[in-house]
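Summary of structural features
Residues per chain, in single letters:
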Amino acid sequence: MDKIYLDNAATTPLAEEVIDAMVNVMKVNYGNPSSTHSLGQEAKILIENVRREVADYLHVSPSEIIFTSCGTESNNMIIKSCINHLGVERIITSPMEHKCVAETVLDMKKRKGIEVVYLRPDHKGDFNINELEELLKASEKKTLVSLIHANNEIGNLLDIKKVAKICKENGALFHSDTVQSMAHMELDFSEIPLDFASCSAHKFHGPKGSGFAFVRKSSGLKGIITGGPQERALRAGTENVCGIVGLGKALELSLKNMTEYATHIKAIKNYTVERLSAEIEGVKFNGRSAEDDKSLYTVLSVLLPFKDPMIGLKLDMKGIAISQGSACSSGASKPSMVMMMILDEEEMQDSTPLRVSFSHLTTREEIDSLVTALKEIAASFKIENTNVSHR
Ligand code: PLP
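What comes next is a walk through the structure. (Residues numbered from 1 in each chain as written. Predicted model: local features only at pLDDT ≥ 70, side-chain atom pairs only at ≥ 80, totals over all residues. Heavy atoms only, no water.)

This part takes up the packing of helix H1 (residues 16–28) against helix H7 (residues 241–256). Orientation of H1 relative to H7, taken along the N-to-C sense of each, is 155°, at an axis distance of 8 Å. Taken together, the axes of H1 and H7 are roughly antiparallel relative to one another. By crossing handedness, the relation of H1 to H7 is classed as right-handed. Side by side, H1 and H7 meet where Glu 17, Val 18, Ala 21, Met 22, Val 25 and Met 26 of the first sit next to Val 241, Cys 242, Gly 243, Val 245, Gly 246, Lys 249, Ala 250 and Leu 253 of the second. Here the residues of the contact of H1 with H7 sort into 10 nonpolar, 2 polar and 2 charged. (Axes fitted to C-alpha atoms, helices over the stretch in contact; angles between N-to-C directions. Helix = DSSP H or I, 4+ residues; strand = E, 2+ residues; numbered from the N terminus. Parallel < 35°, antiparallel > 145°, perpendicular 65-115°, else oblique. Left-handed = near helix turned anticlockwise from the far one by under 90°. Contact = heavy atoms within 4.5 Å. Nonpolar A, V, L, I, M, F, W, Y, C, P; charged D, E, K, R; others polar.)

Spelled out as structure tokens, the structure:
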């Protein structure tokens, strides 16, 4: 049975062209980019070409792109270095962040005594930006604001341009976890005055273990790994040449096909909303995820009108790979923080969140199979309920 893959926010399958480019580097360009001989320098050129490509995409300087092993490392580096090297004493963040930001912030609170302030989302998952402004004006403490761009569970998009401007006007640093939005949207950091952002190649058909941090030149950020002077001394360690080339190829494909992919995925997402609304009575969509302009088009967060903690397993047995929330928390028995923030008590008790996440490879037939599978599961609950009421 062919698997139906609807978990593209967790990771995406590698593009063939990415595999070919990486295999070629593994076979041919095995030199260490720090070596001065030609094999080393050839590898170095490959890295610098990708750095330029990324910088062009974001409208920044190549020296502001630091290759890392993943989104988690990029976010760790940025947050920890803000505290260790830039004198940050307070972080304003939210309960909607990915674990790699949330846990890093908590760690800094515990170990460094940093003050942490959380912006509360409303039931749609939106923040009151005025509250952020008031918080920034109310304290003299050097502050880092860390807010996710496209939420990985519900897809809500933050107006990062607006937030970046407010932070700049109030002397705060601004980091946005852009792991889900990078390579899926146009991002022009010459227009968005944020200080730091992060990227992970496996979210757009690139390899796992390859990402980068955007670090604004003027910020003065330093690395957290000590060692050699690689990546302008911000990230010591021999570079993952084939991973970086894979990231570059995946980005190239994403940018070349962005309009086509986005059009296809948006149509698939709308089709999913229509089919689920028509076939599953009482279904809802979480946050802004069913709103075209307010959410990332690759993510749809569904609230099923029955409680089934085994839904992921049941769908897997029907050949459908899908997550309830983020991959990092999907194995946990506790509901995710994001869901706890936006759902009311009754919804938490009686319903089941499901994250459908798409790629350009997703087809309408796959969505039809998902709807059929969910209808079967929903019907089994109706039968159970009928049996209970007849007993
Ligand atoms: N930030 C967000 C929003 C994510 O969705 C993820 C991955 O799920 C990460 C960070 C972590 O990225 P990585 O898997 O590259 O460590």
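Text resumes after the structure shown.
This part is about the pattern of salt bridges. By the definition in use, this model includes 19 salt bridges. In this structure, Lys 3 and Asp 316 form a salt bridge, with 2.6 Å as the shortest nitrogen-oxygen distance. Of this pair, Lys 3 sits in the segment before strand E1 (4–5) while Asp 316 sits in helix H9 (residues 311–317), and the two are 313 residues apart along the sequence. A relative accessible area of 49% means that Lys 3 is categorised as partly exposed. Counted as one network, the salt bridges with shared partners bring together Lys 44, Glu 48, Arg 51 and Glu 231. (Salt bridge = Lys/Arg side-chain N within 4 Å of Asp/Glu carboxyl O. Buried < 20%, exposed > 50% of the residue type's maximum accessible area, 1.4 Å probe, protein only.)

With that settled, the discussion passes to the side chain of His 202. Take His 202: it is sitting in the loop between strand E7 (196–200) and strand E8 (211–215). You can call His 202 buried: its relative accessible area is 15%. Ignoring any residue separated from it by four or fewer positions in sequence, one finds His 202 in contact with Ala 10, Thr 11, Thr 12, Pro 207 and Lys 208.

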